[in-house]
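Breakdown of the fold
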Amino acid sequence: MSSRDSRHGPSGVPRDELEDARRAQLIEVTIDSLAEVGFVGTTLAEIAGRAGVSPGLVAHYFGEKDGLLEAAFRTLARVVAVRMRERFALARTPRARVQALIDANLGPENFDRRTGNAWLAFWGQVLHFEGLKRVQTAYQRRMLSNLRSDLRSLIPGEDARSLAAMIAAMIDGVWLRAALSEWQEADSESARALLTAFVDGRLRELARSSGADGAPTALERGSQPTTDAERTIRVINPATGEELAVLAVDGPTQVNAAVERARLGQKEWRALTGAERGRVLQRAARLLRERNDALAELETRNTGKPIQETRAVDVTSGAECLEYFAGLAAGLAGEHVDLGPKAFGYTRREPLGVVAGIGAWNYPLQIACWKSAPALACGNAMIFKPAELTPLTAIELAGIYREAGLPEGVFQVVQGFAATGRLLTRHPGIRKVSLTGEVGTGKAVMAEAAATLKQVTLELGGKSPLIVFEDAKIDNAVAGALLGNFYSAGEVCSNGTRVFVHRSLHAAFVERLRERTAGLRVGDPLDPLTQVGALISAEHMEKVLGFVARGRAQGARLVTGGVRVTSGELARGCFVAPTVFDYCHDDMDIVRREIFGPVMSVLEFTDEDEVIARANATEFGLAAGVFTNDVTRAHRVIAQLQAGTCWINHYNVTPIELPFGGVKMSGLGRENGHAAIEHYTQLKSVYVAMSDVESPY
Ligand code: NDP
């Protein structure tokens, strides 16, 4: 027999598959037997007889009867887990996830006589069989932890814990009574209706006792049908192609309702002192830090960014932003204006009201934090729409704010495509829009916002210069260029993608750059050693590879990279090797246009004035960097560069204390720093008379 034959059965089906099929058959027969003759009657001989095989064969697969029963119990538990996962994927709110869990555990399948009787037979034996106990404990733990984590987004932690225990007890109790009454006392539908009414009632009571007024609770929102949601968003992991979730698109009904809830919530929120608001933000920051790793993993799965980045930067940067604005909240103040002995004036710094945030897909959680922290610190309510490619961590942030004590409606997430964004920018009840996105989107948002004279903050694209002078420390400059081009696979708005290098340094610089770029590790984003992960989507990858092809066609020299990476499992995802082009010219497509991928263009220069002129010869003006050891030149050059955010001898570091934003087509307004306060408040001037009114009438 050849080695190939030994792996196949007589029909040509691989042996492993035959064995799996036989095992599955024996497990099904065991469930039949349990349902019909109960636990005691289910013996190896009984099962062998029913399956038409010898007891020895059953023993061969499962050992003793205990092994077979444990395998059968695991199969039943696995079926429930799979149904739960399927339902979770469709649930778009924490309340909907709680419902998904109830529906999966009390679905009609669990009330059919065969499955139900088998469960009942097992339950009676759990305390006596170690193997069954293990399965039962895992099943119970999973149910409790799912319930707790979703309920925590709706109610305070202690309440979530006890309500989770009650729901779990009721699910099991209702089912058990139905089973013991031989399915007379309840069917799946009535059992689920009972649980739903219980959960809704309890959540409503808890919301009331925690001080929420008559506004709909998160629970009520979650259970409202999305009547005009015609479309859904499929959320994909760009590293594997795996579907992570399916979300409903929010339409006019949901957006209008969100604005109304935000209006009500904002009344309550603005009435707090700045210090009180700051405390809520501090608590939310603490929760972000506590959940750093879980949030980082979710962000990595959704964006394809390396876990080594998301663990170190994305969540932390969000938490730092909340902490920074929590600190500023207590100090928000107007000024006193002396108007002589007969009067004085003062200004009040007041919130705008309900504001909207619209995010891009490259830093989903960070963007949601950078927008919401100053908005909330100033007493506004924010409705946030994440990019449709990366909608997941904003939902987590909403849960965290809620858990930290933010009143109902003050931070809400709506999901959707550009149309949902437009509903926000056009809404008369929204006073401001802060967008992070492309230049074209910025123009559209500004035009739409004009109809209701909304304020806008626009954080848009860039094609930023990074200038390396002849006296720069070459290794620092190379490190800066790598940071400014390959972090997040180059999907960073402020990247210094036009790297101008002085002629005297050019050859050495490019050689070190080549070595270090070629050494970057492209791989599974969840692997802590991976340095370059996946691009956001197949469509975006094609766009990036299209630029690479045009770079070559227009005569740039490819130093390294320039290809899609498809080795092993990476073939399932959107990976592009970090790419360096040399001998680029100012008029090439790769030099003029934002690529938003891991593609760096190196350009040579000889003279300071020349490089400043070339660096500024772009419609963009987001960021710029200068590497030089000549302190006078550093400041002289920076002063002439047309960019909102600049670095001297570093690149792409964005401390929250410094305002961030662009000039020219790269945007309007600033995020972070004290400057952000200006964009989320309005001044009221008050004149106070200290004498009688003098009137000519
Ligand atoms: P897009 O401009 O395509 O989308 C940004 C957001 O706006 C998305 O949520 C999008 O919804 C929404 N949107 C699109 N059209 C409209 C509209 N007419 N009205 C209201 N909302 C709308 O940007 P990307 O998501 O592709 O992000 C990449 C861009 O973002 C790059 O240009 C990058 O430079 C820039 N960026 C700028 C930063 C900065 O701070 N300056 C930081 C990070 C990125 P949907 O996606 O659901 O269609």
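Cut-off values and rules
- Residues numbered from 1 in each chain as written.
- Predicted model: local features only at pLDDT ≥ 70, side-chain atom pairs only at ≥ 80, totals over all residues.
- Heavy atoms only, no water.
- Near = heavy atom within 4 Å.
- Areas by Shrake-Rupley, 256 points an atom, 1.4 Å probe, with all protein chains shown as cover.
- Nonpolar A, V, L, I, M, F, W, Y, C, P; charged D, E, K, R; others polar.
- Helix = DSSP H or I, 4+ residues; strand = E, 2+ residues; numbered from the N terminus.
- Buried < 20%, exposed > 50% of the residue type's maximum accessible area, 1.4 Å probe, protein only.
- Lys, Arg positive; Asp, Glu negative; His and termini not counted.
- Salt bridge = Lys/Arg side-chain N within 4 Å of Asp/Glu carboxyl O.
- Polar contact = N/O pair within 3.5 Å; in protein donor to acceptor, adjacent residues only side chain to side chain.
- Contact = heavy atoms within 4.5 Å.
- Core = buried A, V, L, I, M, F, W, Y, C linked by side-chain atoms within 4.5 Å.
- Axes fitted to C-alpha atoms, helices over the stretch in contact; angles between N-to-C directions.
- Parallel < 35°, antiparallel > 145°, perpendicular 65-115°, else oblique.
- Left-handed = near helix turned anticlockwise from the far one by under 90°.
- Pairing = 2+ DSSP bridges.

On to the site of the ligand, then. Close to the ligand lie 29 residues; Glu438, Thr441, Leu460, Cys493 and Glu594 are nearest. Starting from 900 Å² of accessible surface for the ligand in isolation, the protein chains cover 90%. Grouping the amino acids of the shell around the ligand by side-chain chemistry returns 15 nonpolar, 8 polar and 6 charged.

Its place among the elements puts Lys463 in the loop between β9 (455–459) and β10 (465–468). For the buried Lys463, no salt bridge is present, and the opposite-charge side chain at shortest range is Glu594, 8.1 Å distant. Engagement of the side chain of Lys463 in a polar contact is seen with the side chain of Thr497, the distance being 3.5 Å. A distance of 2.9 Å separates a polar atom in the side chain of Lys463 from the backbone oxygen of Arg593. Apart from residues lying up to four places away in sequence, Lys463 is in contact with Thr497, Arg498, Ile590, Val591, Arg592, Arg593, Glu594, Ile595, Thr618 and Phe620.

We now examine the nonpolar core. Among the nonpolar cores identified, the biggest contains 77 residues, and Leu288, Leu322, Phe325, Tyr401 and Phe411 are the most heavily contacted of them. When residues of this core are assigned to their parent elements, the largest contribution, 10 residues, is made by helix α15 (residues 307–329). Not counting residues within four places of it along the chain, the set of residues in contact with Phe325 comprises Leu281, Ala373, Pro374, Ala377, Ile656, Asn672, Gly673, Ala676 and Ile677. Ile47, Phe62, Leu106 and Val135 belong to the second-largest nonpolar core, a separate cluster that totals 62 residues.

Orientation of helix α8 (residues 130–151) relative to helix α9 (residues 157–180), taken along the N-to-C sense of each, is 135°, at an axis distance of 8 Å. As far as their axial angle goes, α9 and α8 are oblique. Regarding α8 and α9, the two cross each other, and that crossing is right-handed. Mapping the contact onto sequence places Tyr139, Met143, Leu144, Leu147, Arg148 and Leu151 in α8 and Ala160, Arg161, Leu163, Ala164, Ala165, Ile167, Ala168, Ile171 and Asp172 in α9.

Okay, the pairing of strand β15 (residues 623–627) next. Burial analysis of β15 places 5 of its 5 residues in the buried class, the great majority of the element. The two faces of β15 match: Ala623, Gly625 and Phe627 on one face and Ala624 and Val626 on the other face are all buried. Of the strand pairs in this sheet, β10 and β15 are connected by 3 bridges, and their pairing is parallel. When the sheet's bridge partners are listed, Val468 is paired in β15 with Phe627. In the sheet, β15 pairs with strand β16 (residues 645–648) via 4 bridges, with the strands oriented parallel. If you follow Ala624 over to β16, its bridge partner there is Cys646.

What follows covers the sheet that holds strand β5 (residues 354–358). Across the sheet, 6 strands lie side by side as β7-β6-β5-β8-β9-β17; this open sheet has mixed pairing. Two strands close off the open sheet at either side, each with one partner strand: β7 (411–413) and β17 (667–668). Taken together, the 5 bridges between β5 and strand β6 (residues 381–385) define a ladder with parallel strand orientation. Along β6, the bridge assignment pairs Val355 with Met382. Across the sheet, helix α16 (residues 364–377) touches β5, β6, β7 and β8 (432–436), and the angle it forms with β6 is around 165°.

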